[in-house]
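# Structural overview for review
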Amino acid sequence: MEEIVVVGYGTQKKADLSSAIAILPTKELNKVPGGLQAGLQSSVPGVQVTNGRIKIRGVGSINNTDPLYVVDGMIGGAVPDEANIASIQILKDAASCAIYGARGGNGVIMITTKRGSSGDVKVDYDGFAGIKNLSHNIDMLNGQQLAELVNEELWNGGKRSATDYLDAYKDPASIGEGYNMFNALKRTGFYQKHNLSISGGSDKSSFRINGIYSSDKPVFIKDETKTYGVQFISDFTKGKLKFGETMTVKGTNRSWSDKNLLIALKWAPTLPLYDATSSTGFAGAGNGTDCANSLAQANLNWNKGETTSVNGNAWVTYDILPGLKYKFNVGVDLYRYMVQNYEAAYSIPYQNHTPDSYAMSSYKTNRFLYENTLTYEKTIGKHSITGLVGVTSEETKSLSVTAGARAMPSQDILILGATQQDDSKSVDSSVGHESMFSMLGRLNYNYDSKYLLTFNFRRDGSSKFSKNNRYGNFPSLSAAWRVTQESFMKALPAISDMKLRASWGMLGNSNIDSYQYQSTVAFSGIWYYLNNAKNAGGLPVTPSNPGVKWESQYSTDLGLDLSLLNNELSFTVDYYYKKTSDMLVQVPISYTAGFSDNKPTLNAGSIENKGLELSATYKKSVGKFDYSVSGNISTVKNKVLSIGANNEIVAGNGISKTAVGRSIGEFWGYTTNGLYRTQEELNADKAFAPNAALGDVRFVDKDKNGVADQGYIGNPIPKFSYGLSADLVYKTSGGTLDMSMIWQGSQGN
């Protein structure tokens, strides 16, 4: 219980926490592939990972719901390699996140990197490599089987003349296995990652340098990513002055081609993939196939992306007086991305692209963070008080340029100015500027490590809102009672520690595009003719909403921490309730307003999330054996209370829908009732499915209006998720043997 936990702008003893903060042991990161994300999902209740996106305690907004990462005090810091992480804390409730104000609404993941230590210089290496393949393949008919099936269908349909049959299918046995377009796009993937660290120092200074290289070749062709990085970490002490820095420089190169894997499944296995007589070398559709050649597509275009980033921070602290400390922290986040796209000129049945096309885009952002904080600690008898006040500012500037042209001289001369089709040139650019100014404070009160009270407050001002709504206030309050510190608990020696917690807080969200309170104008591709002359023009593209304001989230948490049997058995239970109000929503308006698909951003919705989290751990040492078993389960119930004028929003992909009374983003589609198996079923549905045939999907028309019904067909948010892990360690004179197992899953999604 003396473990030190990193919290916003400071540290606390784990025993003195009064809010919902989970700790992810770094050993969990190396148990299974997936590193940080796999460790979070399997070991931390309330965390869900879907397609690489992390959600903490449900989905609280229709906007971006990614948690905030804070690395060594840098808001939005670069997440280090798992081998270089010293500690991870997950702030889950408003009481722990409110110190980060608007950016803490989706939870906060605090990461501390490994640093140098006094002693001899150490060299550490961590690496792995492996291969990967698809674990499940879709079973498809081979060439002979398809030919036999088509011939059988024709025969059963009364076709008896030889001219009724495709020449290519008349001798199925000669076709054999045929061709498999999907398999032609597959390969055995390979990945590797290597991390080399050098560290050392003295009692006054220390350093650590981390170098990383990784590469990834996925299981489909024409795709490869390589990453290079180096991280510099140092700490210095001179009397009352301390200095530290963490800086990461990283580069990523990816080359890939666009390819359509779903269309590949439609390619007839009787049809060759290549054609030596074709100018491209690839075959066109035929033999009943009416789709593009996915293999040709994969080889006739390419994309190259290069990313460079510099992310980190440096800080200095000075002990002004006993207990009074000043800290200045400056952070930098520089991001550069350049991408090139090329598609060759070709003509294949169902595929035509003439002439060739080339485009390139460049994007950069510069973000700077400045933080000034004062911390005061004082203990008088059994009373301990810690106070924190601070002022922070952040500024982000971005610039992007996109240009393209067609009819290039050759694939080896990709110079836009050399295009042979001058009127195909296009160019566009954009600039962005946003900033935030904040004031923050925290007061911790501790009486004899028995009664604990914490108050947080942050006031954020964002350039994304007009002057009338620029600032938002985000307070929180939490309290805890360590029952085992009471004298009457001495009669229960089996209870090692028991703490009751309660918290309430308010958080915010400003995850919208800039300038939503103003109308924006576009000039690219806008022109008009006057007096027989072409003139550049402008067009309003975004309807303004001067009244748009902060999204607000109110959160309540009740918790219990319990340790038994000399801390061998421990439990943590939390119940939480979160309600998001004034949700920032892009509400559809009539096309007659003249803004096409652009929608105004309004405060027009509310969502609630509530759930229960339970985790338990049992650990024991028996001779040379150490073993532990941990399990967790968490529930979440998500409900939309209001949204927009029509109380529903259909996602742009057409497969999900958000509506009042339902969970956010539920899957929306046609409801079905198996396949048509009898003529009677076809006759019953003839009114709305006149062209259906035996074997077709049978859609449902419940209201008998002659139209197939659409409805909710699934929920991406699970009813509950769970994780279970087991560790066994055996110590010998020659070293340590360990074995770890992890199970994780979800239900109801």
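Counting of residues starts from 1 at the beginning of each chain's written sequence and follows it residue by residue. Restriction of local features to residues with pLDDT of at least 70 applies here, the model being predicted, together with a cutoff of 80 or more for giving and counting side-chain atom pairs; totals for whole chains, interfaces and linings are based on all residues. Side-chain numbers here rest on the full set of heavy atoms in the structure, without hydrogens or water.

### A closer look at the overall build of the protein chain
Think of it this way: any DSSP run of H or I at least four residues long counts as a helix, any run of E at least two long counts as a strand, and we number them from the N terminus. For the protein chain, the count of helices and strands is 8 helices and 43 strands. Reported as C-alpha extents along the three principal axes, the dimensions of the protein chain are approximately 105 × 75 × 60 Å. Counting across all 749 residues of the protein chain, residues that qualify as buried make up 41%. Contact between two residues is taken to exist if any of their heavy atoms lie within 4.5 Å; hydrogens are not considered. Here the analysis covers contacts within the protein chain between residues at least 6 apart in sequence; of these, 66% occur between residues at least 24 apart. In these tables, accessible area is a Shrake-Rupley quantity obtained with a 1.4 Å probe, and a residue counts as shielded only by the protein chains included in the view. When the accessible surface of the protein chain is split by element, carbon and sulfur atoms take 55% of a total near 38,500 Å². The charge count includes Lys and Arg as positive and Asp and Glu as negative, but it does not include His or the ends of the chains. Here the site of a charge means NZ on Lys, CZ on Arg, CG on Asp, or CD on Glu. Where the 73 positive side-chain charges of the protein chain centre and where its 69 negative ones centre are 7 Å apart. Three labels apply to residues, based on accessible area from a 1.4 Å probe with only protein chains included: buried if under 20% of the type maximum, exposed if over 50%, partly exposed otherwise in between.

### Here's the deal with the nonpolar core
Formed by 24 residues in total, the largest nonpolar core has its most connected members in Tyr 169, Met 181, Leu 185, Trp 267, Leu 295 and Ile 348. Those elements giving two or more residues to this core turn out to be helix H3 (143-156), helix H5 (181-185), helix H7 (294-299) and strand E17 (346-348). Dropping the residues within four chain positions of it, Tyr 169 is found in contact with Leu 146, Ala 147, Val 150, Asn 151, Ile 175, Ala 268, Thr 270 and Asn 287. With 21 residues, the next largest nonpolar core counts Met 74, Ile 75, Ile 99 and Leu 507 among its residues. The criterion is simple. A nonpolar core is a set of buried Ala, Val, Leu, Ile, Met, Phe, Trp, Tyr and Cys residues joined through side-chain atoms within 4.5 Å.

### Regarding H3
Given a rise of 1.5 Å per residue, 14 residues ought to cover 20 Å, and the 20 Å separating the end C-alpha atoms of H3 matches this to within 8%. All of the buried residues along H3 are Gly 143, Leu 146, Ala 147 and Asn 151. Looking down the long axis of H3, one finds its buried residues gathered within 130° of arc, a one-sided arrangement. Set apart from the buried face of H3 by more than 90 degrees, the exposed residues are Glu 153 and Asn 156. Buried residues along H3 sit against helix H4 (172-175). One less than the number of residues in a helix, times 1.5 Å, gives the span that helix is expected to have. In this description, the arc belongs to the directions extending from the helix axis to the C-beta atoms.

### Things to note about the pairing of strand E6 (residues 68-71)
With 4 bridges connecting them, E6 and strand E9 (residues 108-113) associate as parallel partners. Its bridge partner lying in E9, Val 70 is registered against Met 110. Pairing geometry for E6 and strand E7 (residues 74-75), over 2 bridges, is antiparallel. Bridge pairing in E7 links Val 70 to Ile 75. By this definition, two strands are paired if DSSP reports at least two bridges between them. In textbook terms, the turn of a hairpin is the stretch between consecutive antiparallel strands, and for E6 and E7 this stretch comprises 2 residues, one of which, Asp 72, has a positive phi near 55°.

### Observations regarding the sheet that holds E6
Spatial strand order, E3-E8-E9-E6-E7: 5 strands in an open sheet with mixed pairing. Each end of this open sheet is capped by a strand with a single partner; those strands are strand E3 (21-23) and E7. For E3 and strand E8 (residues 85-91), the ladder comprises 3 bridges, and the chain directions are antiparallel. Paired with Ala 22 across the bridge in E8 is Ile 90.

### What to know about the pattern of salt bridges
Between side chains of opposite charge, pairing is possible as soon as their charged atoms come close. What makes a salt bridge here is a side-chain nitrogen of Lys or Arg within 4 Å of a carboxyl oxygen of Asp or Glu, nothing more. Scanning all chains against the criterion turns up 27 salt bridges. The salt bridge partner of Lys 620 is Glu 568, with a shortest N-O separation of 3.2 Å. One end of the pair, Lys 620, is in strand E33 (residues 605-622); the other, Glu 568, is in the loop between strand E29 (551-564) and strand E30 (569-581), and 52 residues separate them in sequence. Judged by relative accessible area, Lys 620 falls into the partly exposed class, the value being 28%. Looking at Glu 568, the relative accessible area reads 22%, which means it is partly exposed. We note a salt bridge from Arg 698 to Asp 685, for which the minimum N-O separation is 2.8 Å. With Arg 698 in strand E40 (residues 697-699) and Asp 685 in the loop between helix H8 (679-684) and E40, this pair connects stretches of sequence that are 13 residues apart. With relative accessibility at 15%, the residue Arg 698 sits in the buried group. A relative accessible area of 8% places Asp 685 in the buried class.

### Comments concerning the packing of aromatic side chains
The rule is short: rings of Phe, Tyr and Trp, with Trp giving its six-membered ring, pair when the centres are within 6.5 Å, and they are stacked under 30 degrees, edge-to-face over 60, tilted in between. Applying the stated criterion across every chain yields a total of 16 aromatic pairs. Considering the side-chain rings of Phe 625 and Tyr 730, the 4.7 Å spacing of their centres and the 40° angle between planes classify their relative orientation as tilted. Highlighted residues: Phe 625 in strand E34 (residues 625-635) and Tyr 730 in strand E42 (residues 720-732), separated in sequence by 105 residues. Relative accessible area serves as the criterion here: at 38%, Phe 625 is assigned to the partly exposed category.

### Observations regarding the environment of Gly 404
Checked against the element boundaries, Gly 404 lands in strand E20 (residues 383-406). Judged by its relative accessible area of 8%, Gly 404 is buried. As a C-alpha pair, Gly 404 and Lys 242 span 162 residues in sequence and 51 Å in three-dimensional space. Sequence-distant contacts of Gly 404, defined by excluding residues within four places in its chain, comprise Tyr 358, Ala 359, Leu 416, Ser 424, Lys 425 and Ser 426.

### Here we look at unusual backbone geometry
In this structure, Pro 355 follows Thr 354 across a cis peptide bond, with omega equal to -10°. Mapped onto the fold, Pro 355 is located in the loop between strand E18 (351-353) and strand E19 (357-380). In this structure, Ser 449 is a non-glycine residue whose phi angle is positive, near 55°. Within the secondary structure, Ser 449 is located in the loop between strand E21 (426-447) and strand E22 (451-462). A positive phi angle, near 60°, is found at Asn 532, a position not held by glycine. Its place among the elements puts Asn 532 in the loop between strand E26 (527-530) and strand E27 (533-536). Under the relative-accessibility criterion, Asn 532 is labelled exposed at 83%.

### Regarding a nonpolar patch on the surface
A patch is a set of surface residues, each over 30% in relative accessible area and not in a salt bridge, joined within 9 Å for like charges and within 5 Å for the nonpolar side chains Val, Leu, Ile, Met, Phe, Trp and Tyr. Together, Val 121, Val 123, Tyr 125, Leu 196, Ile 198, Phe 207, Ile 209, Phe 232 and Val 249 line one region of the surface with nonpolar side chains, adding up to about 780 Å² of accessible area. At the level of secondary structure, the elements contributing two or more residues to the nonpolar patch comprise strand E10 (119-132), strand E11 (189-201) and strand E12 (205-217). Of the residues forming the nonpolar patch, the biggest block, 3 residues, is contributed by E10. With respect to the element layout, Val 249 can be found in strand E14 (residues 241-256). The partly exposed category is assigned to Val 249, whose relative accessible area is 33%.

### Quick notes on the side chain of Lys 499
Of note, Lys 499 is situated in strand E24 (residues 495-509). No salt bridge is formed by the buried Lys 499; its nearest oppositely charged neighbour, Asp 561, is found at 4.0 Å. A distance of 3.3 Å separates a polar side-chain atom of Lys 499 from the backbone oxygen of Lys 14. Apart from the residues lying within four places of it in its own chain, the contact partners of Lys 499 are Lys 14, Ala 15, Asp 16, Leu 17, Leu 452, Ala 480, Trp 481, Arg 482, Gly 559, Leu 560 and Asp 561. Pairs of N or O atoms are called polar contacts if they sit within 3.5 Å, as long as, within protein, a hydrogen donor faces a hydrogen acceptor (for residues adjacent in sequence, only side-chain-to-side-chain pairs).

### Here's the deal with the pairing of E19
Note: strand E16 (residues 324-343) against E19, 20 bridges, orientation antiparallel. Among the inter-strand pairings, Asn 329 is bridged to a residue of E19, identified as Glu 371. Sheet topology places E19 next to E20; 24 bridges connect them, and they run antiparallel. Along E20, the bridge assignment pairs Thr 365 with Ser 398.

From the geometry alone we can't say anything about function, so treat these as descriptive.
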